[in-house]
Amino acid sequence: MKKLFLILSVALFALGTVNAFAQEAAAAVEETAVVADPEIAGESMHHILMQKFLEGGWEWMLPVLLCLVIGLAVAIERILYLTLSTINKKKFIAKVEEALKNGGVEAAKEVCRNERGPIASIYWQGLDRYDQGLDSVEKAVVSYGSVQTGQMESGLSWIGLFIALSPMLGFMGTVVGMIGAFDAIQAAGDISPTLVAGGIKVALLTTLMGLIAAVILQLFYNYIVSKIDSLVNDMEDASITLMDILTAYSKK
């Protein structure tokens, strides 16, 4: 529930920002129509981008924009989750080992309980089954490690969907724009650059928007995947260390 609320909050904030930019772009278009000299008009980059967005037609640009906004919301939520899951592994392991030596398993579990992240959760699960034997500890660590990996990868399929869907919607807008251009040629019975320019412009702008959205989401996706891989490697290394610590502790 918290995850859904965070994604919706980010998406609504992004949509509000886009709406504000759209209003500014509309005002910039009116000013440009009045001012003949483009240097005097002085349009900023985001004004130009939003103007092109409006020229592309909301029927096809809006779905692409929604894919970008929702995909970014999911990506930001994943980045926040993974960032909060990252801890100082060596410092944490040292604290657990010290607590285990001085206070036993319960003291070590208390250290894990007070620490965030998947490594602490795996350690707690392993320590909780110490009285059942090291084999049970190893099975618990492996099983709960898979659970933690699944939780970290949650939402990646949606980002992948939006990466694939954005250019598809852009290309669909391109096809529709070209069909409109050829319909105009057929209706006029003549080929005129002015006649077909509008349809071709819409076609190219929707393709551009779809590709931009896919590129942005792909960058976030690759960063999240690399972050997950790093955390998984830390989890595996920490799990091996836990088994070594408990093996040494059981021999005392």
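About the cut-offs
- Residues numbered from 1 in each chain as written.
- Predicted model: local features only at pLDDT ≥ 70, side-chain atom pairs only at ≥ 80, totals over all residues.
- Heavy atoms only, no water.
- Axes fitted to C-alpha atoms, helices over the stretch in contact; angles between N-to-C directions.
- Helix = DSSP H or I, 4+ residues; strand = E, 2+ residues; numbered from the N terminus.
- Parallel < 35°, antiparallel > 145°, perpendicular 65-115°, else oblique.
- Left-handed = near helix turned anticlockwise from the far one by under 90°.
- Contact = heavy atoms within 4.5 Å.
- Expected span 1.5 Å × (residues − 1).
- Bend = angle between axes of the 7 residues up to and from the residue.
- Buried < 20%, exposed > 50% of the residue type's maximum accessible area, 1.4 Å probe, protein only.
- Core = buried A, V, L, I, M, F, W, Y, C linked by side-chain atoms within 4.5 Å.
- Nonpolar A, V, L, I, M, F, W, Y, C, P; charged D, E, K, R; others polar.
- Arc of directions from axis to C-beta.
- Polar contact = N/O pair within 3.5 Å; in protein donor to acceptor, adjacent residues only side chain to side chain.

**Digging into the packing of helix 5 (residues 89–113) against helix 6 (residues 118–128)**
- Running from N to C, helix 5 and helix 6 cross one another at 30°; their axes reach a closest spacing of 11 Å. The angle between helix 5 and helix 6 falls in the class roughly parallel. Where helix 5 crosses over helix 6, the handedness of that crossing is right-handed. Residues Lys89, Phe92, Ile93, Val96, Val105, Ala108, Lys109, Cys112 and Arg113 of helix 5 pack against Ile119, Ala120, Tyr123, Trp124, Leu127 and Asp128 of helix 6.

**Notes on helix 5**
- With 25 residues, helix 5 extends only 15 Å from end C-alpha to end C-alpha; this falls clearly short of the ideal 36 Å at 1.5 Å per step.
- A bend of about 145° at glycine 103 is the largest found in helix 5.
- For helix 5, the set of buried residues is Lys89, Phe92, Ile93, Val96, Ala99, Leu100, Gly104, Val105, Ala108, Lys109, Val111 and Cys112.

**Thoughts on the nonpolar core**
- If you look at the biggest cluster of nonpolar residues, it comprises 47 residues, and the most contacted ones within it are Phe92, Val96, Tyr123, Leu127 and Ile224.
- Elements with a contribution of two residues or more to this core: helix 4 (58–85), helix 5, helix 6, helix 7 (134–152), helix 8 (156–188) and helix 9 (193–250).
- In terms of residue count, the dominant contributor to this core is helix 9 (14 residues).
- Beyond its immediate chain neighbours, meaning those up to four positions away, isoleucine 224 contacts Ala75, Arg78, Ile79, Leu82, Leu156 and Ile159.

**A few points about the packing of helix 6 against helix 7**
- Running from N to C, helix 6 and helix 7 point in directions that differ by 155°, and their axes come no closer than 8 Å. Judged by the inter-axis angle, helix 6 sits roughly antiparallel to helix 7. The two elements helix 6 and helix 7 meet at a crossing, and its hand is right-handed. Counting all contacts with helix 6, which are made through Pro118, Ser121, Ile122, Gln125 and Gly126, the residues of helix 7 involved are Val137, Ala140, Val141, Tyr144, Gly145, Gln148 and Met152.
- Split into classes, the residues belonging to the contact of helix 6 with helix 7 amount to seven nonpolar, five polar and no charged.

**A few points about helix 7**
- In a regular helix each residue adds 1.5 Å, so 19 residues correspond to 27 Å; helix 7 covers 27 Å between its end C-alpha atoms and thus fits that length.
- Within helix 7, the full set of buried residues consists of Val137, Ala140, Val141, Gly145, Gln148, Thr149 and Met152. One side of helix 7 holds all its buried residues, which, seen down the axis, span an arc of 165°. Exposed side chains of helix 7 directed beyond 90 degrees from the buried face belong to Asp135, Lys139 and Val142.

**Some details on the environment of serine 85**
- Summarising the element assignment, serine 85 is placed in helix 4.
- Residue class for serine 85 comes out buried when judged on its relative accessible area of 8%.
- With residues up to four places along the chain from it excluded, the contact list for serine 85 reads Gly117, Pro118 and Leu231.
- For serine 85, the side chain forms a polar contact with the main-chain oxygen of tyrosine 81, separated by 2.8 Å.

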